[in-house]
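Here is how the chains run, residue by residue.
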Amino acid sequence: MLLQALCADSGGGDVVELPGFPGGAEAFEACAKFCYGITITVSARNLVTLRCAAAHLGMSEAADRGNLAAKLDAFLASCLLRRWKDALGVLSSTRHYAPLCEDLGLTSRCVDAVAALIINPDTAPPARSTSASPWWAPDIAELGVDLFWRIMVSVKATGAVHEKTVGDALKAYARRWLPNVAKDGLSADQPPFDDDAGGGDVKQIATRHRLLLEKIVSLLPAERDAVSCGFLLKLLKAANILSASAASKAELVRRVAWQLEEASVADLLVPSLSCVSETLYDVDAVAGILDEFALRFAAAAPPAALALSGSPDDSPAHSGGHRRSRSAESVSFDGTRRSLSAAPVSQGALALVGKLVDGFLVEAAKDPNMPLDKLLAIAEAVPDSARPEHDGLYKVVDTYLRAHPEMSKSTRKRLCRVLNCRKLSEKASAHAAQNELLPLRVVVQVLFFEHARAAALASGGHAAVAAADLPSNIQALLSKASGSSEDDEADRVDEQRLRALAAGASPGDDWSVEGLRRAASKIATLRMKLAEEDEDHDADEFARKDGLARSASLRFRAFCAIPAGKPKRILSKLWPLGRSGVSH
């Protein structure tokens, strides 16, 4: 029909041109042979070309019964779309004539056929099954991103494939084409697209990779463990590099928070490529993850679990409990909405998250451009119950102090407020007692609590006396009090001991704690810090007091609180119970 019309329009000319003919001369020759009853060979390789050529020439049932277009459609449905390799071959060839194939319905038929073969258990070749990914994932990973996306949408819509299997297929596709997600850190190949543009400049390639990433994010299964947390964080790193949409980044942040306890420190080191930030790692992304984790923790945990952040073991700096992040403060607005999808947070998971965050902060603290406010915000975003010990947090503080030697005393004190000296191990306490970068108040706290711990171990932790039985001056001095031993022992010691310590004298047996055996060195350090503190004329209330004994005593009043259950004998050795000059 097309040729008749063209010949009529040409006015009987000798030449009829067919510009842009699908398949070129080879396809036209096959169509001509069909018209003259000559046998032609049709396969998955050339069916799309012949079908488009037949449509272009108008070789439909309207022109003649049993025409080429109808015969090709019948062969496609009865033969090619029933076999996995042939169906994939036909689908892959539709990209060369994408608009025409869409109009003819070829693409939709092939997508539906491939999806049906995926969910059909009889299709899977046993020899090709692997534990790493489903048998069909490597084959569809060779398709363009649009075709891949349509197949996965169709597969997910059936509900016949487990979401973990869908996640494995997404991982295989991302590793095949997406940079920074490829296995073993190798760069991925040029991403496939349904056009034949190929190549292009850097901007075009980045745009294609960004579209690919956003398509993968849109296909992430709803099930929590369908993909690993490490894979999600790799996608987040790629999203940063490719400047993906805010919606895609927000979805990845939310998904990471669902399973944050599964991540590693290396996974969490998301490079920062922002023009407004000079930090090495994207701490804002990590802060966003922790905000989402706080929502998950608050939505999934009962009210009693939330009270864990206000543990009675907190130091004075932590009195009042864990500082709530901005997301924790919005739990009443957003927590209910996410409670159905929030995974429960066990104490073990909390501890893993605490170690993970401390490990990340150690790496971030090495960055000279890391702002203290951001470091503290991330450190305080974790519930206190997530840190049974503060050794990791102490390492963060020490690393940050060494990377920022220009810090003022007030800034160092602000940094050290995140520490709870009661939660330091003996090894960490031994290091802290000799750490000349720490403020004096922290060193005094460490020595005090180590002495208290040693005394408690020596007494076996017995004979505890109620705090109400202590003299009123001690109750006013300490926020938490306990004791054992006789009241008359309370009148014996303290100021002379502190003066002796400052003078470099031997501390005696009471101060020999395991892990602090080199007492002379520690006392000399303390003496130097005490002298330095007395010469400091800043706004610190302790440095303004006259006399070493009064200054040291006030430090103990403000920073050293004895935990409940420790013997009163410790108090008697650290403060004279009968002193009349104690101010309240």
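Computed from a predicted model, the values in this text were never measured in an experiment.

Caption draft 1: Geometry of the overall build of the protein. Looking only at helices and strands, the protein has 29 helices and 0 strands in total. Counting the 584 residues in the protein, one finds 50% classified as buried. Contacts in the protein between residues at least 24 apart in sequence constitute 74% of all its contacts with a sequence separation of at least 6.

Caption draft 2: Up close: the nonpolar core. Ranked by size, the top nonpolar core spans 117 residues in total, and within it Ile140 and Phe360 carry the most contacts. Ranked by residue count, the leading element in this core is helix α19 (residues 347-365), at 10 residues. Excluding its chain neighbours within four sequence positions, the residues that come into contact with Phe360 are Val265, Leu268, Leu269, Tyr281, Val283, Val286 and Ile378. If you look at the next biggest cluster of nonpolar residues, it comprises 13 residues, including Cys31, Leu50, Leu57 and Leu72.

Caption draft 3: Inspection of the environment of Val227 at higher detail. Position of Val227 among the secondary structure elements: in the loop between α11 (202-218) and α12 (229-242). Look at Val227 and you get buried, because its relative accessible area is 2%. Along the sequence, Val227 and Lys171 sit 56 residues apart, while their C-alpha atoms lie 7.9 Å from each other.

Caption draft 4: View of the packing of helix α10 (residues 163-177) against α11. With their axes 11 Å apart at the nearest point, α10 and α11 run at an angle of 170° to one another. By the angle between their directions, the pair α10 and α11 is classed as roughly antiparallel. Between α10 and α11, the contacting residues are Leu170, Tyr173, Ala174 and Trp177 on the first element and His209, Leu212 and Ile216 on the second. Considered class by class, the residues forming the contact of α10 with α11 number 6 nonpolar, 1 polar and no charged.

Caption draft 5: Summary view of the packing of helix α3 (residues 47-57) against helix α4 (residues 68-78). Contact geometry of α3 with α4 gives a least axis separation of 9 Å together with a crossing angle of 150°. One finds that α3 runs roughly antiparallel with respect to α4. For the element pair α3 and α4, the recorded crossing hand is left-handed. For the pair formed by α3 and α4, the contact residues are Leu47, Leu50, Arg51 and Ala54 on the first element and Leu68, Ala69, Leu72, Asp73, Phe75 and Leu76 on the second.

What counts as what
- Residues numbered from 1 in each chain as written.
- Predicted model: local features only at pLDDT ≥ 70, side-chain atom pairs only at ≥ 80, totals over all residues.
- Heavy atoms only, no water.
- Helix = DSSP H or I, 4+ residues; strand = E, 2+ residues; numbered from the N terminus.
- Buried < 20%, exposed > 50% of the residue type's maximum accessible area, 1.4 Å probe, protein only.
- Contact = heavy atoms within 4.5 Å.
- Core = buried A, V, L, I, M, F, W, Y, C linked by side-chain atoms within 4.5 Å.
- Axes fitted to C-alpha atoms, helices over the stretch in contact; angles between N-to-C directions.
- Parallel < 35°, antiparallel > 145°, perpendicular 65-115°, else oblique.
- Nonpolar A, V, L, I, M, F, W, Y, C, P; charged D, E, K, R; others polar.
- Left-handed = near helix turned anticlockwise from the far one by under 90°.

Read these as spatial facts, not as claims about activity.
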